[in-house]
Amino acid sequence: MSEATTTAAAAATSGQLSVAIIGAGIAGLGAAAFLRRHPQYSVTVYERRGIDFRETSAAFGMRTNGITIANRLGISSEEIRAVVGAGYRTYNTREELMSKARLDELNLGDLRFQFRQDFKDALFKRVTGKEGVGEPIKVIYGCHVVSVDTDAGTVVFDDGRSINVDLIIGADGIRSKVRAAVTPASHPEPAPCGLSLFRFLIPMDVVNDAIGKDEPYPPMYNYDDGMYVAIIAAGDEGNRNVVMYPCRNFELMNVAVAVPDASLPESVGLEYSWNAKGSRDELLKQMKAFPAWLQRVFSRVPPQVELFQVRDQDPLPTYVKGKAVLIGDAAHPVVPYQGQGANQALEDVDGLDVVLGDVYDRDEMYRALKVWDSIRRPRASEIQLGSRLSQSKISTKEASQAILAVKPYESMKDVLARLQTVQGSEIAAA
């Protein structure tokens, strides 16, 4: 009997509710970290990639919603070496300031930036480490899902293994196998948004050396008034733009360079993955209209850099079907122009923690998931559409404001309490 099958079978004999989390990204590990606290669940995480996989090219931003949930898991800024952000500034290619938005002036809460792998490591520690509430959770690698039966709670892997569980949590990203079993076949698949991103991290000492000691230091890298994300937009028909901010205690500069798909040669072979490869030469060809100092910085990146074709999807009609639930990019893939991808994944798992925390019965669990869906899906869908709008405004004077145009976070616990109050008032009035 395989490790995957043995783990699921053990849960069945223990009387616990068995949970299979498909995917060990931020959404999957976040769900596991919260569910570990509840002994009525026996949880196993199944990841398609190998145990040695490491994210090397991307950081991400976290707003108050994500920070609040990370704090609930005990993940501090200090642990993940996050950089606190003040806001956003956008520039044209002549380095003229186009827009500026500062969070504290707009009463929009907090902002921080962290290297993605550092945050995943912190989540992994809370899932598998000996310290903490509950039993450590096992993560099994090399598990490629080929089919899911949401009525039976069955997951079949490409090596012939299969598991039967009470709950399947699809956290397997934008190319989700679980989503195919949850959503109608008629619903549109994720589609290209017209841009691809070169993504990479550059050590700050390399950035400074490339700029040169005798050259004027770029004002967008001046953080005396707080750390602002710098966005340079070409304002051209292809919507080329560069997004930059430091992470890891200002040791690294995170960079995302958006270029139109149509401008890339067929030989690039656009792939639908965070880990496709683009070339430094092609990157530099795309940067001819941008400042000379920035081109010098980009000339220092390795010959190969990550290239990701940006895709999103029309909002789904449901995140729940039978014994399966979708979270993270499997549920609501989003373009990165409001920085909400990871934040929305964390809202998903925080909500699951609330609705499932006091559930011990299978039927009650499935009812709770429908309540979770009715609350989470409208908000996540709204952010999907808002992020599309923000992408379209990236080269305008409204860019910084559009990036921050996300409604304040209301936790699942607070939403449920508010709805209960409203229902109580309606009953009393009747």
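Structural data are supplied above this passage.
The sections below set out a description of the structure shown in this document. Note that the structure is a prediction, hence the values are computed from the model and not measured.

Parameters and conventions
Residues numbered from 1 in each chain as written. Predicted model: local features only at pLDDT ≥ 70, side-chain atom pairs only at ≥ 80, totals over all residues. Heavy atoms only, no water. Helix = DSSP H or I, 4+ residues; strand = E, 2+ residues; numbered from the N terminus. Expected span 1.5 Å × (residues − 1). Buried < 20%, exposed > 50% of the residue type's maximum accessible area, 1.4 Å probe, protein only. Contact = heavy atoms within 4.5 Å. Lys, Arg positive; Asp, Glu negative; His and termini not counted. Salt bridge = Lys/Arg side-chain N within 4 Å of Asp/Glu carboxyl O. Pairing = 2+ DSSP bridges. Polar contact = N/O pair within 3.5 Å; in protein donor to acceptor, adjacent residues only side chain to side chain. Core = buried A, V, L, I, M, F, W, Y, C linked by side-chain atoms within 4.5 Å.

1. Regarding helix α4 (residues 116-128)
The end-to-end C-alpha separation of α4 is 18 Å, in line with the 18 Å expected for 13 residues at 1.5 Å each. Among the residues of α4, those classed as buried are Arg-116, Gln-117, Asp-118, Phe-119, Lys-120, Ala-122, Leu-123, Arg-126 and Val-127. On its buried face, α4 is in contact with α2 (26-35), β3 (59-63), α3 (64-72), β7 (111-115), β8 (138-141) and α9 (341-356).

2. What to know about the side chain of Arg-179
As for its position among the elements, Arg-179 is in helix α5 (residues 177-182). Despite its burial, Arg-179 remains without a salt bridge, the nearest opposite charge being carried by Glu-189 at 4.2 Å.

3. A short note on the sheet that holds strand β19 (residues 320-321)
Strands pair in a sheet through their backbones, by hydrogen bonds, and they do so in one of two ways: parallel or antiparallel. Read across the open sheet, the six strands follow the order β8-β2-β1-β12-β20-β19; overall the sheet is mixed. Only two strands of the sheet have a single partner each, and these edge strands are β8 and β19. Here strand β1 (residues 17-22) pairs with strand β12 (residues 167-170) via four bridges, running parallel. Residue pairing across strands places Ala-20 opposite Ile-168, the latter belonging to β12.

4. Let's talk about the environment of Asp-261
Within the element layout of this structure, Asp-261 appears in the loop between β16 (252-260) and β17 (277-279). Look at Asp-261 and you get buried, because its relative accessible area is 15%. Here the alpha-carbon distance between Asp-261 and Ser-76, two residues 185 residues apart in the chain, equals 38 Å. A polar contact of 3.1 Å, which involves the side chain of Asp-261, links it to the side chain of Gln-309.

5. Concerning the nonpolar core
Ile-21, Tyr-41, Phe-119, Ile-169, Ile-327, Leu-356 and Trp-372 are the most contacted members of the largest nonpolar core, which has 74 residues in total. With eight residues, α2 is the largest single contributor of residues to this core. Once you skip the residues sitting within four places of it in the chain, Tyr-41 turns out to touch Gln-16, Leu-17, Val-19, Leu-35, Leu-356, Val-359 and Met-365. Core analysis: the next-biggest nonpolar cluster, separate from the first, contains 56 residues, Tyr-223, Met-227, Leu-252 and Ile-394 among them.

6. Some remarks on the pairing of strand β10 (residues 154-157)
Sheet analysis places strand β9 (residues 145-149) next to β10, joined by four bridges and oriented antiparallel. The partner of Ser-147 across the bridge, within β10, is Val-156. Between the antiparallel neighbours β9 and β10 lie four residues, among them Gly-153 with a positive phi of about 75 degrees. Pairing between β10 and strand β11 (residues 162-164): three bridges, direction antiparallel. Within β11, the position partnered with Thr-154 by the bridge is Asn-164. Taking the residues that link successive antiparallel strands as the turn, the β10-β11 hairpin has four residues, and the phi of Gly-160 there is positive, at about 95 degrees.

7. A short note on the environment of Ser-99
With respect to the secondary-structure elements, Ser-99 resides in strand β6 (residues 97-102). With relative accessibility at 5%, the residue Ser-99 sits in the buried group. Placed 111 residues apart in sequence, Ser-99 and Ala-210 show a C-alpha to C-alpha distance of 26 Å. The contact partners of Ser-99, leaving out residues within four places of it in the chain, are Tyr-88, Arg-89, Thr-90, Thr-396, Lys-397, Ala-399, Ser-400 and Gln-401. Among the polar contacts listed, one links the side chain of Ser-99 to the side chain of Ser-400, at a separation of 2.7 Å.

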